[in-house]
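Each chain, written out:
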Amino acid sequence: MNAPGKTVVSLRDVGKTFESGTVALDRINLEVGAGEFVSLLGPSGCGKSTALRLIAGLSAASQGAVAVPSSAGKLGFVFQEPTLMPWADVAANVRLPLKLAGADNAYSQDAVAQALDRVGLAEFAQRYPRELSGGMRMRTSIARALVTEPELLLMDEPFAALDEITRFKLNNDLLGLWQAQRRTVIFVTHSVFESVYLSQRIVVMTPRPGRVFAEIAIPAAYPRDERFRTSAEYAGFCRTVSEALSQAMTGGAL
Amino acid sequence: MSGRVLRIGLPIMTLAAIVVAWDLVVRFFSIPPYVLPGPVLVLSTLFADRDLLWHSLLVTLTITVEGFALAAIGGIVLAIAFNQWRLVEYSFYPYAVILQVTPVVAVAPLLLIYLPQPLAVLACAWIVAFFPVLANTTLGLNSVDHNLIALFELYKASSWQTLWQLKLPAALPQMLAGLRIAGGLALIGAVVAEIAAGSAGAGSGLAYRIAESGYRLNVPRMFAALLLLSLAGVAIFFALSLLSHLALRRWHESAIKRES
């Protein structure tokens, strides 16, 4: 679906200063190619969520240029919380982007059924969010982001609030989806282990002000599974990224 | 199961005990009916004066329902306007507060001068019922999950779509809470205005009957009318609670039974 090598997201010397005067981002440069899985990794306060919101167009850059797919529906966003409408059942929640775009009924029903099927929630279409577990709510949120067949999927610490077992399961499911469809994914996390497990490339950021400290490629082959998670190769990447992160934090504090 | 029995059984037993005690006190001390009528006399008066009281009840209920409906529509529409246009909120909110904090019992005599009596009573019912709808709906519209608002922005929803598909459903629990308060207050407003109009008024609502019976020392009828007013208030409360329950039962925590 994406031409390989094409740049989907590009940030050039992007800065963001809040009204309070806090410099959230300082001269960030980032290029993400079509079909890539990139993680933004850093401690809280490093501006990684701010960067994601800039890419999503939810906030405007103070300096620099942000180039992203512009039209609605080309972009999917998954928040840290599932962010579902509690008064609507799972199917209606997933359907929301299509409804807002005025898509026709038959098409929407198919697309919703397909998206729910992909995240394994086909049987739960008529349930309400409060009747679901945390992991299932997050799946619903992911299905909603996927229902418009977006070119670019932005995920803001989507699994941070889940227990480890659920998180590992969703990590695997997300990789499965990514491999099947090869959408571009930008994934924000503060977990070294999660970023190494998922990404092709990790962008390590420093806190206050948010800067890009290092970019680390994770050239391990996909599909990655539990064997990869327990391999020496994985541990080695984790160590490299961990060291970069601790340098970023001390460097940022100085 | 036993909890349910207790929740229904206990208040009934309390009521029975109070009525029996009331009856015994009246008999034992031979209290004359123009001081305190016994429960049997009140009920028989209720039955004997049923045509008169029924008519009065309908008058009061009609005013209450009209006042409530106008307050509900006005409160919700104004809350939406406040939410959509800040300037409208800045311009009118202080006056909505003033309308609310000025005791309606003090405003009623003025209204009775300027408006024909039925309209003045309606205006009083509206004034007291209006604010809780406005305040609660405003609160509800302003407390929508920020991430959901961001999501609607992301999908380029129009402000109309955001209002209908996000803000109003999200505000529904608070809006219904406001309506529940407004239902009782509309009745109070109607009663206050009728009392203020007093025997000079041409009205024939329940409160007017109470005032009139008071002047005539017809205390049993006062009690009978009061009983009807209380029952009307309880009925309004239950009707609005039922509405709230039906609207929220699938999704809102307040309407969902907790497993223990």
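Residues numbered from 1 in each chain as written. Chains lettered and ligands numbered in written order. Predicted model: local features only at pLDDT ≥ 70, side-chain atom pairs only at ≥ 80, totals over all residues.

Caption draft 1: Looking closely at the overall build of chain A. A tally of regular secondary structure across chain A gives eight helices and nine strands. Against the compact-globule benchmark of 18 Å for 254 residues, chain A has a radius of gyration of 18 Å, which places it among compact chains. Taking all 254 residues of chain A together, the buried fraction comes to 42%. If you take every contact in chain A between residues at least 6 apart in sequence, the share linking residues at least 24 apart comes to 75%. (Helix = DSSP H or I, 4+ residues; strand = E, 2+ residues; numbered from the N terminus. Rg over C-alpha atoms; globule rule 2.2 N^0.38 Å. Buried ≥ 20, exposed ≤ 12 C-beta atoms within 10 Å, placed from the backbone. Contact = placed C-beta atoms within 7 Å.)

Caption draft 2: Representation of the overall build of chain B. Within chain B one finds 10 helices and zero strands. Listing each helix as α and each strand as β along chain B from the N terminus yields α-α-α-α-α-α-α-α-α-α. Principal-axis analysis of the C-alpha atoms places the extent of chain B at approximately 75 × 55 × 25 Å. For chain B, with 260 residues in total, the buried portion stands at 37%.

Caption draft 3: Structural context of the packing of helix α8 (residues 159-197) of chain B against helix α10 (residues 219-248) of chain B. Residues and elements named next belong to chain B. Where α8 meets α10, the closest approach of the two axes is 10 Å, and the angle between their N-to-C directions is 165°. Judged by the angle between their axes, α8 and α10 are roughly antiparallel. Crossing angle aside, the handedness with which α8 passes α10 is right-handed. Across the interface between the two elements, L172, P173, L176, L179, R180, G183, G184, L187 and V191 from α8 touch L229, A232, G233, I236, F237, L240, S241, L243, S244, A247 and L248 from α10. Split into classes, the residues belonging to the contact of α8 with α10 amount to 14 nonpolar, five polar and one charged. (Axes fitted to C-alpha atoms, helices over the stretch in contact; angles between N-to-C directions. Parallel < 35°, antiparallel > 145°, perpendicular 65-115°, else oblique. Left-handed = near helix turned anticlockwise from the far one by under 90°. Nonpolar A, V, L, I, M, F, W, Y, C, P; charged D, E, K, R; others polar.)

Caption draft 4: Just the interface of chain B and chain A, in detail. Chain B puts 14 residues into the contact, and the matching count from chain A is 16 residues. Of all the secondary-structure elements, those providing two or more residues to the side of chain B that touches chain A are α7 (146-154) and α8 of chain B. Looking at side-chain class alone, the side of chain B that touches chain A contains eight nonpolar, two polar and four charged residues.

Caption draft 5: Focus on the sheet that holds strand β1 (residues 7-17) of chain A. Residues and elements named next belong to chain A. The strand order across the open sheet built from three strands is β2-β1-β4, with neighbouring strands paired in antiparallel fashion. Only two strands of the sheet have a single partner each, and these edge strands are β2 (23-33) and β4 (63-67). Along the sheet, successive strands turn relative to each other by an average axial angle of 15°, direction set aside. Two strands pair when backbone bridges link them, and β1 and β2 are joined in this way by seven bridges, in the antiparallel orientation. In the strand pairing of β2, T7 is matched with G33. (Pairing = 2+ DSSP bridges.)

Caption draft 6: Fine view of the confidence of the model for chain A. Mean pLDDT over chain A: 86, with 94% of residues reaching 70 or higher. Per-element confidence in chain A ranges from a low mean pLDDT of 84 for helix α8 (residues 232-253) of chain A to a high of 93 for helix α2 (residues 90-101) of chain A. (pLDDT = per-residue confidence, 0-100.)

Caption draft 7: Here's a closer look at the domain arrangement of chain B. When its domains are assigned, chain B resolves into domain 1 (1-30) and domain 2 (37-255). For domain 1 of chain B versus domain 2 of chain B, the separation of C-alpha centres amounts to 31 Å. (Domains from an automatic or database assignment.)

Caption draft 8: Highlighting the sheet that holds strand β7 (residues 184-189) of chain A. Residue and element names in this part refer to chain A. The strand order across the open sheet built from six strands is β5-β6-β7-β3-β8-β9, with neighbouring strands paired in mixed fashion. Looking along the sheet, the strands with just one partner apiece sit at the ends: β5 (75-78) and β9 (211-217). Strand after strand, the sheet turns through a mean of 15° between neighbouring axes, direction not considered. Taken together, the five bridges between strand β3 (residues 37-41) and β7 define a ladder with parallel strand orientation. Within β7, the position partnered with L41 by the bridge is T189. Helix-sheet contacts for helix α4 (residues 134-146) involve β5 and β6 (152-156), and the interaxial angle to β5 is about 165°.

Caption draft 9: Layout of α2 of chain A. Most of α2 of chain A sits inside the fold, with nine of its 12 residues counted as buried. Of the residues making up α2 of chain A, those classed as buried are V90, A91, N93, V94, R95, L96, P97, L98 and L100 of chain A. For α2 of chain A, the secondary structure elements touched by its buried residues are α3 (105-118) and α4 of chain A together with α8 of chain B. Just downstream of α2 of chain A, G102 of chain A is the residue with a positive phi angle, here 75°.

Caption draft 10: Representation of unusual backbone geometry within the structure. Residues and elements named next belong to chain A. Residue P223 is reached from Y222 by a cis peptide bond, and omega for that bond is -5°. Tracing the backbone shows P223 in the loop between β9 and α7 (226-229). Look at E157: it is not a glycine, yet its phi comes out positive at around 45°. When you line up the elements, E157 lands in the loop between β6 and α5 (164-181).

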